[in-house]
Amino acid sequence: MKETSRSSRSPGPATTRTPPAALAAKVRTLAPSMTRSMQRVAEAVAGDPAGCAALTVTGLAERTGTSEATVVRTARILGYPGYRDLRLALAALAAEQAAGRAPAVTADIAVDDPLTGVVAKLAHEEAQCLADTAAGLDTATLEAAVAALATARRTDVYGIGASNLVGQDLVQKLLRIGLIAHAPADPHLAVTNAVQLRPGDVAIAITHSGRTTDVIEPLRVAFERGATTVAITGRPQGEIAQYADHILTTSSARESELRPAAMSSRTSQLLVVDCLFIGVAQRTYESAAPALSASYEALAHRHDPRDRR
């Protein structure tokens, strides 16, 4: 049985160096889980990278009404060893914005927006959400999760509400390439399933907040049973992390009255699920390709109107 210590696990966002291009995505993803003082630092560097890049650690602390220690802690959570590295990334981000390569911020959807405006705003937010998730995704962690999935005896996927729908999507894909997978929607059944897991199995938890009890509980049980555990979450510092061998961080668009969290997080979750599936299909291609062909052939008559009776 595994221990709940994080000492032997892959480094989280506080120790993973973030490339300049991913800085804005990292701020959007992690700021909601920071303390209020750290949020002020994060919001300042995201809102004015050029101005903050010109400040010393003392200057940024004074500008945000925080302390030098808070500035340094924020830099580390964003993936930099220290403030000097963050300043370099801010300068690079400012250069991208000056060159026009950084996306503009779209206003929230209003209740009286015409549908043409809604389409444009949603398309922008969805594209930004995907770009942020891709920029912040740790490919080494993704590779480790793929390797575990490709050799798993069975895979359980836990999620509630919209996250369960994402889990069902992954399960459907895995089943079509011949792998055994389940995504129980009932939280009691999820725990019952988790009890049956053992080393060599995989359990995946999908929760944007990282603190959904009905998702944490089955992942904890799977963890204690020795299964390899994966968390797909927008809050890598959340409670879910203590039971996850591998953490895949997602981004989300800003929430609003007409765009709730479940809607904004789904897009990035689906991207991670697709990355996992493609990675597994690549690793198991010799068995996956025939399984896919067989499933297509078995369902072909249902898609061809000429074969309907």
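Residues numbered from 1 in each chain as written. Predicted model: local features only at pLDDT ≥ 70, side-chain atom pairs only at ≥ 80, totals over all residues. Heavy atoms only, no water.

Taken as a whole and assessed by the stated rule, the structure comprises 1 aromatic pair. Measuring from ring centre to ring centre gives 5.9 Å for Phe223 and Tyr243, while their planes differ by 70°; the resulting arrangement is edge-to-face. Of this pair, Phe223 sits in helix 11 (residues 213-224) while Tyr243 sits in the loop between strand 4 (228-233) and strand 5 (246-249), placing them 20 residues apart in sequence. (Phe/Tyr/Trp six-rings, centres within 6.5 Å; stacked < 30°, edge-to-face > 60°. Helix = DSSP H or I, 4+ residues; strand = E, 2+ residues; numbered from the N terminus.)

Time to look at the sheet that holds strand 5. Pairing within the open sheet is parallel, and its 5 strands lie in the order 2-1-3-4-5. The sheet is open, and its two borders are formed by strand 2 (181-182) and strand 5, each paired with just one other strand. In this structure, strand 1 (residues 155-158) lies alongside strand 3 (residues 202-206), joined through 4 bridges in parallel fashion. In the sheet register, Tyr158 faces strand 3, and the bridge partner there is Ala205. (Pairing = 2+ DSSP bridges.)

Moving on to helix 10 (residues 187-195). Those residues of helix 10 lying buried are Ala190, Asn193 and Ala194. The arc that holds every buried residue of helix 10, seen down its axis, measures 100°, which confines them to one face. Buried residues belonging to helix 10 abut strand 1, strand 2 and helix 11. The N-cap of helix 10, judged by a side-chain oxygen 2.9 Å from the amide nitrogen of His188 a few residues on, is Asp186. (Buried < 20%, exposed > 50% of the residue type's maximum accessible area, 1.4 Å probe, protein only. Arc of directions from axis to C-beta. Contact = heavy atoms within 4.5 Å. Polar contact = N/O pair within 3.5 Å; in protein donor to acceptor, adjacent residues only side chain to side chain.)

Before going further, it helps to spend a moment on the environment of Thr155. Of note, Thr155 is situated in strand 1. Sequence separation between Thr155 and Leu197 is 42 residues; the distance between their C-alpha atoms is 8.7 Å. Ignoring any residue separated from it by four or fewer positions in sequence, one finds Thr155 in contact with Leu149, Leu174, Ile180, Ala181, His182, Val202 and Ile204.

Another aspect to go through is the confidence of the model for the protein. Any region with low pLDDT has predicted coordinates that should not be read closely. Averaged over every residue, the pLDDT of the protein is 84; residues scoring 70 or more account for 84%. In the predicted structure, residues 5-16 sits below a pLDDT of 50 and forms 27 contacts with residues beyond four places in sequence or in another chain. Here residues 103-107 is a poorly scored stretch, pLDDT under 50, and it has 10 contacts once near neighbours within four places are set aside; other chains count. (pLDDT = per-residue confidence, 0-100.)

Okay, the nonpolar core next. Ranked by size, the top nonpolar core spans 30 residues in total, and within it Val157, Val202, Ile204, Ile232, Leu248, Leu276 and Val280 carry the most contacts. Listing elements by their share of this core, those giving two or more residues are helix 8 (139-150), helix 9 (162-176), strand 3, strand 4 and helix 12 (261-283). Residues within four places of Leu248 in sequence aside, it is in contact with Leu137, Asp138, Thr141, Leu142, Val230, Ala231, Ile232, Thr233, Val272 and Leu276. Core analysis: the next-biggest nonpolar cluster, separate from the first, contains 24 residues, Val41, Val45, Ala75 and Tyr83 among them. (Core = buried A, V, L, I, M, F, W, Y, C linked by side-chain atoms within 4.5 Å.)

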